[in-house]
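# Examination of the molecular architecture
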There are 2 protein chains.
Amino acid sequence: MVGYAKGRVRREDIIAAAAAAYGESGYRQASLRDIARRVGISHSGLLYHFPTKEALLTAVLERRDAVDAARERLHGPPGAAVLRSMVSLAAHNTDHPAIVELYSRLAAEAVSPDHPAHGYFARHYRRARDLVRASFTAMAEAGELRDGVDPDRAATVFIALMDGLQVQWLTSPDEVDMTATLRTHLATLLRDGS
Amino acid sequence: MVGYAKGRVRREDIIAAAAAAYGESGYRQASLRDIARRVGISHSGLLYHFPTKEALLTAVLERRDAVDAARERLHGPPGAAVLRSMVSLAAHNTDHPAIVELYSRLAAEAVSPDHPAHGYFARHYRRARDLVRASFTAMAEAGELRDGVDPDRAATVFIALMDGLQVQWLTSPDEVDMTATLRTHLATLLRDGS
DNA sequence: CCTACCGATCGGTAGG
DNA sequence: CCTACCGATCGGTAGG
């Protein structure tokens, strides 16, 4: 029991250290030795917990999904509330650059179809677009969107905007305000502009 | 003379091969041996032309700047024409994924301040935002923009949108239309919506 | 979990 | 431009 609990904590430590390393160096560039060093064990000690480098990446992505799923319950059905919660997420991210780096670096690395996280990001983008599109559609039906705003295109724009802002902000934190830019963009799409 | 010309051609070959490798693997992951293999020389033969790995990266970025400068003369003063030429660029990029990969991968890698291309991308983003902002400002003064569209924020949005679309498109080419999405977005900002 | 090791690969240098 | 080499580092395995 005690041994099991200790193992679980150690695994969580390793996953957190790996996420940090992937954010700083990318997945391929991050070494098992560096991650192990952050946790205070040898690199083969790490391989006792995760049999391969790729298994550790999978664990990192699964933990992110678990965190996201826990948050997703907060914003319920598609609609304006979803978009507001995504703006809140951007505000939250402004105080947590490590998470932003993790996603931005892995997403760019995983454009190659042979990257082990490629499928993960393809699904991630599709789900995000679907959720945002459904939200814009609900808003259009409620008469909240300006005429001529297409929910499908607006969804692709919104997701791309969030991603592009992250890279620009990481590169030049003082010159880009993610939250305000997103908020202003959304106002542009609303009938009453508020 | 003949020797010099041959050397120049060889250098151009190496730069092109390096750009391809950076697009596929990123700068840090791309090896001198792989790049040399593409050109048909040894990796130390490559180091005869470029003394360090970083010198080769600098050469790749300088060549991109030279190509961009040649194109820039085409779109003249800030204004709607600049934005149209950027949409054309997106259309052009749709047929040249290698260039898109090069930029997307290097930009994400270079968010770290200690990356050798960090300064390059910080300048690149600043210049792009300035040009687009000046263009939106000119359009606002000509009465072409909808009320409430702020040129400064619209510029950040436009650049972020272009970048974010590229990663989404590279990940799922069949699910994202970069050109149409950009065009639709621009129409949203215009007074007459055309 | 560790030590000790493997084969492979890396950027760069020496010397021609 | 090449061959030959350097020290460093990589992911993974053997054996405990």
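About the cut-offs
- Residues numbered from 1 in each chain as written.
- Chains lettered and ligands numbered in written order.
- Predicted model: local features only at pLDDT ≥ 70, side-chain atom pairs only at ≥ 80, totals over all residues.
- Heavy atoms only, no water.
- Salt bridge = Lys/Arg side-chain N within 4 Å of Asp/Glu carboxyl O.
- Helix = DSSP H or I, 4+ residues; strand = E, 2+ residues; numbered from the N terminus.
- Buried < 20%, exposed > 50% of the residue type's maximum accessible area, 1.4 Å probe, protein only.
- Domains from an automatic or database assignment.
- Contact = heavy atoms within 4.5 Å.
- Buried area = accessible area lost by both parts, 1.4 Å probe.
- Polar contact = N/O pair within 3.5 Å; in protein donor to acceptor, adjacent residues only side chain to side chain.
- Nonpolar A, V, L, I, M, F, W, Y, C, P; charged D, E, K, R; others polar.

Under an unreviewed UniProt entry, chain A has the name TetR family transcriptional regulator and belongs to Stackebrandtia albiflava.

Residue and element names in this part refer to chain A. This structure, assessed with the given rule, holds 20 salt bridges over all chains. Across the salt bridge formed by Arg 133 and Asp 130, the nearest N and O atoms sit 3.1 Å from each other. Placement of the pair is Arg 133 and Asp 130 together in helix α7 (residues 118-141), with a separation of 3 residues, close to one helical turn. Residue Arg 133 is classed as partly exposed on the basis of its relative accessible area, which comes to 28%.

What follows is about the domain arrangement of chain A. Residues and elements named next belong to chain A. Per the domain assignment, the segments of chain A are domain 1 (1-60) and domain 2 (76-194). Of the residues lining the interface, 11 residues belong to domain 1; the matching set on domain 2 comes to 9 residues. Roughly 830 Å² of surface becomes buried between domain 1 and domain 2 when both sides are summed, with 61% attributable to carbon and sulfur atoms. Contact with domain 2 buries area across many residues of domain 1, yet Gly 23, Arg 28 and Leu 57 alone supply 48% of it, more than any other trio. At the junction of domain 1 with domain 2, the criterion picks out 0 salt bridges. Across the contact surface, domain 1 and domain 2 share 4 residue pairs in polar contact (both at pLDDT 80 or more). Among the elements that line the side of domain 1 that touches domain 2, the one with the most residues is helix α1 (residues 2-25), at 5 residues. Considering only residue class, the side of domain 1 that touches domain 2 consists of 5 nonpolar, 3 polar and 3 charged.

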